[in-house]
Amino acid sequence: MKKLLIVLAFAGVSVASMAQTEAVPTEKYSVATNSFWSNWFVQLGANWNAFYSDTEHGFKLDKSNSPFNGDRSKIGFAVGVGKWFTPGLGIRLKVQGYQGKRLYGNYGQAMQNKDFKYWILNGHALFNLSNMLYGYNPDRVWNFIPFAGGGLGRSMTSDFYGMDLSFGILNEFRLAKKLFLNVEVGWNRLEQDFDGRSGHNLGRCARGWEDKDNNVYAEVGLTFNLGKGTWDKVPNVDALNALHQSQLDALKAQLNDLNNENADLKNQLANIPEPGMNESVKEFVTTPISVFFDLNKTEIASQKDLVNVRALAKYAIENNTGIMVTGFADSATGTPEINQRLSDGRAAQVVEELVKMGVAREKIQSAGNGGVETLSPISFNRRATVQITDLPE
């Protein structure tokens, strides 16, 4: 029982740290499962380990029970590799060992100690209680991780293999994005003659943990995360649906506005006066209609500019009149050569639109006037004008 208290004392170092509370509360949320190659880690460590052999039972070795007593303790090393499947659940394969020391003796004789070389290979299931209880936080400074598992050990000095069970607590302290300081305490419960000597051979029978070879250890090391070591937040489906719905509503409103605008344009076309020689009609067909363009472009900036052009085209077709298209550029930008090319291109673009509206190409004249500065602001000079010619009497 006293030996069991020693193991609990080791665990108390970690359990005491449970009093720590997080400075900033962590919002709990679901995370997406990463690929198989994500969330792997490698651990390197050194430990102070002590063996409690089943051969000690009945020798009343109270003064030697301390795991830090030089009669039973040694320094060892450990290497582990593992993977987290979720922020709270992972696995680890760990090998530890180097040198151990066991106490032994016979009735009526003083206890002796002997060094032996060994290794223990364990598979562990890891439970990150910090993430389970408080929610995943990639910037958390401290993670509290109990583990349990089992495996195989070998005493190389005695050439003996033995199965074992393994339990412990791993504390990880964040040093950098992919680097952690780990402090671990653990207990390996091995077959009774793992250290090369069995208590049953000495005529003594023990129960519980005392009929096995027990190894307790305290370890300090580093954990290195490999590849992606974080977890992506699962999208909030309700929030996404609400966003999509608001976008759909906005598109519907925009479509309604366009339909209303289209109806207004149709109404304007329907209300254009029938061609005749009254003054209002003459003013309409003889006033140049402007079609505007963007800087250094020959594509029409807005299809709305073609509404009145379509009305002129209708008039020209019905009255067999000609149309004059004149292109312009602004003289404030570009060289004269560039402006001439732009004015010619803009006039040609409007001519093509008139042809699409049914005006015979031979009824259309066009010219480019190059760069001008007749209108203000400057952008208004980037245009082409359309005007009826050859008015009927």
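Note that the structure is a prediction, hence the values are computed from the model and not measured.

## A word on the overall build of the protein
Point 1. Tallying secondary structure elements over the protein gives six helices and twelve strands in all.
Point 2. Per-residue burial over the protein gives 39% buried out of 393 residues.
Point 3. The contacts in the protein between residues at least 6 apart in sequence include a share of 72% that link residues at least 24 apart.
Point 4. Approximately 21100 Å² of the protein is accessible, and the part contributed by carbon and sulfur atoms is 58%.

## Quick look at unusual backbone geometry
Point 1. Cis rather than trans, the peptide bond between Ser 376 and Pro 377 has omega equal to 5°.
Point 2. With respect to the helices and strands, the residue Pro 377 is situated in the loop between strand E11 (364-372) and strand E12 (383-389).
Point 3. For Tyr 98, which is not glycine, the phi torsion reads 130° and is therefore positive.
Point 4. Taking the relative accessible area as the measure of exposure, Tyr 98 reaches 41% and is therefore partly exposed.

## Some remarks on the side chain of Ser 166
Point 1. Residue position: Ser 166 is located in strand E6 (residues 160-176).
Point 2. Within polar-contact distance, the side chain of Ser 166 engages the side chain of His 124 at 2.9 Å.
Point 3. One polar contact links Ser 166 to Asn 188, side chain to side chain, over a distance of 2.9 Å.
Point 4. Beyond its immediate stretch of four places on either side in the chain, Ser 166 contacts Asn 122, His 124, Phe 147, Ala 148, Gly 149, Gly 150, Trp 187 and Asn 188.

## Details of the nonpolar core
The nonpolar side chains of soluble globular proteins are, as a tendency, buried together.
Point 1. Core analysis: the largest hydrophobic core is formed by 22 residues, its most contacted members being Ile 323, Val 325, Val 350, Leu 354 and Val 386.
Point 2. Where this core is concerned, the elements lending two or more residues are strand E9 (289-292), helix H5 (306-319), strand E10 (322-330), helix H6 (336-356) and E12.
Point 3. Looking at this core element by element, the count peaks at six residues for H5.
Point 4. Tyr 136, Ile 145, Tyr 217 and Trp 231 belong to the second largest nonpolar core, which has nine residues in total.

## Description of the sheet that holds E10
Point 1. The four strands are arranged E9-E12-E10-E11 in an open sheet whose pairing can be described as mixed. On the outer flanks of this sheet lie E9 and E11, each paired with one strand and no other. Between one strand axis and the next, the sheet turns by 20° as a mean value, whatever way the strands run.
Point 2. Pairing between E10 and E12: six bridges, direction antiparallel. Paired with Ile 323 across the strands is Ile 388, a residue of E12.
Point 3. Most of the contacts of H6 go to E11, to which it runs at about 150°, and overall it touches E9, E10, E11 and E12.

## Quick word on H6
Point 1. Between its terminal C-alpha atoms H6 stretches 31 Å, which fits the 30 Å expected from 21 residues at 1.5 Å a residue.
Point 2. Among all positions in H6, only Asn 339, Leu 342, Ser 343, Arg 346, Ala 347, Val 350, Val 351, Glu 353 and Leu 354 are buried.
Point 3. Summarising the contacts, the buried residues of H6 are in contact with E9, H5, E10, E11 and E12.
Point 4. Of the residues flanking the end of H6, it is Gly 358, one or two places downstream, whose phi is positive at about 105°.

## Description of the environment of Trp 37
Point 1. Within the fold, Trp 37 resides in the loop between helix H1 (2-15) and strand E1 (40-52).
Point 2. Distance in space between the C-alpha atoms of Trp 37 and Leu 226 is 8.8 Å, their sequence separation being 189 residues.

## Topic: the confidence of the model for the protein
Point 1. Looking at the protein, the pLDDT average stands at 81 and 77% of residues meet or exceed 70.
Point 2. Confidence drops under pLDDT 50 across residues 1-26; counting only partners more than four residues distant or on other chains, this segment forms 43 contacts.
Point 3. This model gives residues 201-209 a pLDDT under 50, and the stretch forms 22 contacts once residues within four places in sequence are excluded.

## Focus: the pattern of salt bridges
Point 1. In the structure shown here, the tally under the stated rule is eleven salt bridges.
Point 2. A salt bridge links Arg 92 to Glu 184; the shortest N-O distance between them is 3.0 Å. With Arg 92 in strand E3 (residues 89-104) and Glu 184 in strand E7 (residues 179-190), this pair connects stretches of sequence that are 92 residues apart. Residues Arg 92 and Glu 184 agree in their burial class; the two are buried.
Point 3. When the shortest N-O distance is used, the salt bridge between Lys 94 and Glu 219 registers 3.0 Å. Here Lys 94, found in strand E3, pairs with Glu 219, found in strand E8 (residues 213-226); they are 125 residues apart in sequence, far enough to count as distant.
Point 4. We classify Glu 219 as buried; its relative accessible area is 4%.
Point 5. Residues participating in the shared-partner salt-bridge network are Arg 92, Lys 94, Glu 184 and Glu 219.

Thresholds applied
Residues numbered from 1 in each chain as written. Predicted model: local features only at pLDDT ≥ 70, side-chain atom pairs only at ≥ 80, totals over all residues. Heavy atoms only, no water. Helix = DSSP H or I, 4+ residues; strand = E, 2+ residues; numbered from the N terminus. Buried < 20%, exposed > 50% of the residue type's maximum accessible area, 1.4 Å probe, protein only. Contact = heavy atoms within 4.5 Å. Areas by Shrake-Rupley, 256 points an atom, 1.4 Å probe, with all protein chains shown as cover. Polar contact = N/O pair within 3.5 Å; in protein donor to acceptor, adjacent residues only side chain to side chain. Core = buried A, V, L, I, M, F, W, Y, C linked by side-chain atoms within 4.5 Å. Pairing = 2+ DSSP bridges. Axes fitted to C-alpha atoms, helices over the stretch in contact; angles between N-to-C directions. Expected span 1.5 Å × (residues − 1). pLDDT = per-residue confidence, 0-100. Salt bridge = Lys/Arg side-chain N within 4 Å of Asp/Glu carboxyl O.

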